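As a plain string of letters, each chain reads:
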Amino acid sequence: MPSANADVVARYLHHLEGERGLARNSVLAYRRDLRRYLVHLSAQGLSSLDAVGEAEVAGFATALRAGDEAHPPLAAASVARMLVAVRSLHRFAADEGDVREDVSKPVRPPVPPRRLPKALTVDQVSAVLAAAGSPGAGDIPAAGDIPTAGGIRTAGDGGDAQEAARRLRASALLELLYGTGARISEAVGLDVDDLDLATASVRLHGKGGRDRVVPLGRCAVLALADYLRSGRPQLARPRSGAAVFLSRHGNRLSRQSAWTHLRTAAAVAGVDGVSPHVLRHSFATHLLDGGADVRVVQELLGHASVSTTQIYTLVTVDRLREVYATSHPRALASGRPTATGRPARELTEPTSRS
């Protein structure tokens, strides 16, 4: 990267982390996006941000959509994310006096198509949670392992003494994810002091250093209590520290291992398309289906803006339409009898008048 541009980016990343308090993963994402932007500028012979104009910023977006030999074409959502980083960098450079003006301001990120978040049914979630406590479901499967109705069958599974502890861990982890809507990183980042089972609550450490206290349901409290009493002591080592969820080696459980617990339980339950974020979507959707206020759900999810939470209301509206279309006599398209005993089409089709 050109040294002058690299200096501006370095100061900008320091600003994000030190002054705006962005999480490390977010700063790393900005770093990756801006590195690609500066490589693109360098290929255009632009060694200084002050030489960049609106057309060059827009050209970067076009190049992202088209792709090249080293990069596949990006979807609108990915291009929009990168342009957010680019526009933020130019705004910072203008504020700091590195450039005369913010030339990126007129360039608008592409609007990605709105996709409704996937949510499992209550029965599907119940099946996955039940499978998490089944024999073998606490094991992290290796290559060649076979999910079965009774858990994971491994070659050399001789009844590991820690299997019961790992099963309790899997059950507690999945109950926590669905019972609180926690992100996977928030769940594996928990320390024992973050849990207050006496008051049925947990402190989650969210994005941007924002903490929130979320209530725990009865099922999550029982699963966590069982794990802390009988499971965690079996996994703990002198180096374990205060981490709630521990690996078989006594270290803090990784995000990848936690994800695998869920995938294993879903395979045992026979439920497709399950991920930690799908459980988070299901948590929000089921709350709104049950009558929860969107502002309450926003606080529980840790969203900075209620507009992020409102997309879940579209899921529930679609579900209401489906129920209405298959239940209300004036909406039914079939000729099956209604509560009046008359076929639905007799109620929906106007009768001729003589």
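Remember, predicted model here, so these are calculated numbers, not experimental data.

Visitor: Residue-level account of a positive patch on the surface, with values.
Guide: Where like charges cluster on the molecular surface, the positive patch consists of Arg-24, Arg-31, Arg-32 and Arg-35. Position of Arg-32 relative to the elements: it lies in helix α2 (residues 24–43).

Visitor: Lay out the confidence of the model for the protein in plain terms, naming residues and giving numbers.
Guide: Looking at the protein, the pLDDT average stands at 81 and 79% of residues meet or exceed 70. At the low end of the mean pLDDT range in the protein sits strand β1 (residues 146–148), at 39; at the high end sits strand β3 (residues 195–196), at 95. Predicted confidence for residues 141–159 stays below pLDDT 50, and this span has 30 contacts to residues more than four positions away or in other chains. In the model, residues 335–354 has pLDDT below 50 throughout and makes 25 contacts with residues more than four positions away in sequence or in other chains.

Visitor: Tell me about the layout of surface pockets, and please be specific about residues and values.
Guide: Considered as a void within the structure, the largest pocket measures approximately 700 Å³ in volume. In terms of lining residues, the largest pocket is bounded by 23 residues, among which Ala-23, Asn-25, Ser-26, Arg-183 and Lys-207 are the most central. Top element by residues in the lining of the largest pocket is α2. It accounts for five residues. Here the lining of the largest pocket is built from residues that sort into nine nonpolar, seven polar and seven charged.

Visitor: Would you mind going over the pairing of strand β5 (residues 211–215) in detail, with residue names and values included?
Guide: Burial along β5 is one-sided: Arg-212 and Val-214 are buried, while Asp-211, Val-213 and Pro-215, pointing the other way, are not. Where strand β4 (residues 201–205) lies against β5, five bridges are found, and the strand directions are antiparallel. When the bridges of β5 are listed, Arg-203 appears paired with Val-213. Connecting β4 to the next strand, β5, in antiparallel fashion are five residues, including Gly-208 with a positive phi near 65°.

Visitor: Tell me about α2, and name the residues and values.
Guide: The first and last C-alpha atoms of α2 sit 29 Å apart over 20 residues, in line with the 28 Å expected at 1.5 Å per residue. Among the residues making up α2, those that are buried are Val-27, Tyr-30, Asp-33, Leu-34, Arg-36, Tyr-37, Leu-38, His-40 and Leu-41. Two residues or fewer after α2 comes Gly-45, characterised by a positive phi angle close to 80°.

Rules used throughout
- Residues numbered from 1 in each chain as written.
- Predicted model: local features only at pLDDT ≥ 70, side-chain atom pairs only at ≥ 80, totals over all residues.
- Heavy atoms only, no water.
- Patch = residues over 30% accessible without salt bridge, like charges linked within 9 Å, V, L, I, M, F, W, Y side chains within 5 Å.
- Areas by Shrake-Rupley, 256 points an atom, 1.4 Å probe, with all protein chains shown as cover.
- Salt bridge = Lys/Arg side-chain N within 4 Å of Asp/Glu carboxyl O.
- Lys, Arg positive; Asp, Glu negative; His and termini not counted.
- Charge placed at Lys NZ, Arg CZ, Asp CG, Glu CD.
- Helix = DSSP H or I, 4+ residues; strand = E, 2+ residues; numbered from the N terminus.
- pLDDT = per-residue confidence, 0-100.
- Contact = heavy atoms within 4.5 Å.
- 1 Å grid on protein atoms, 1.4 Å probe; cavity = no way out; pocket = protein on both sides within 12 Å on 5 of 7 lines; lining within 4 Å.
- Points joined across faces, edges and corners; volume = space filled by probe spheres on them.
- Nonpolar A, V, L, I, M, F, W, Y, C, P; charged D, E, K, R; others polar.
- Buried < 20%, exposed > 50% of the residue type's maximum accessible area, 1.4 Å probe, protein only.
- Pairing = 2+ DSSP bridges.
- Expected span 1.5 Å × (residues − 1).

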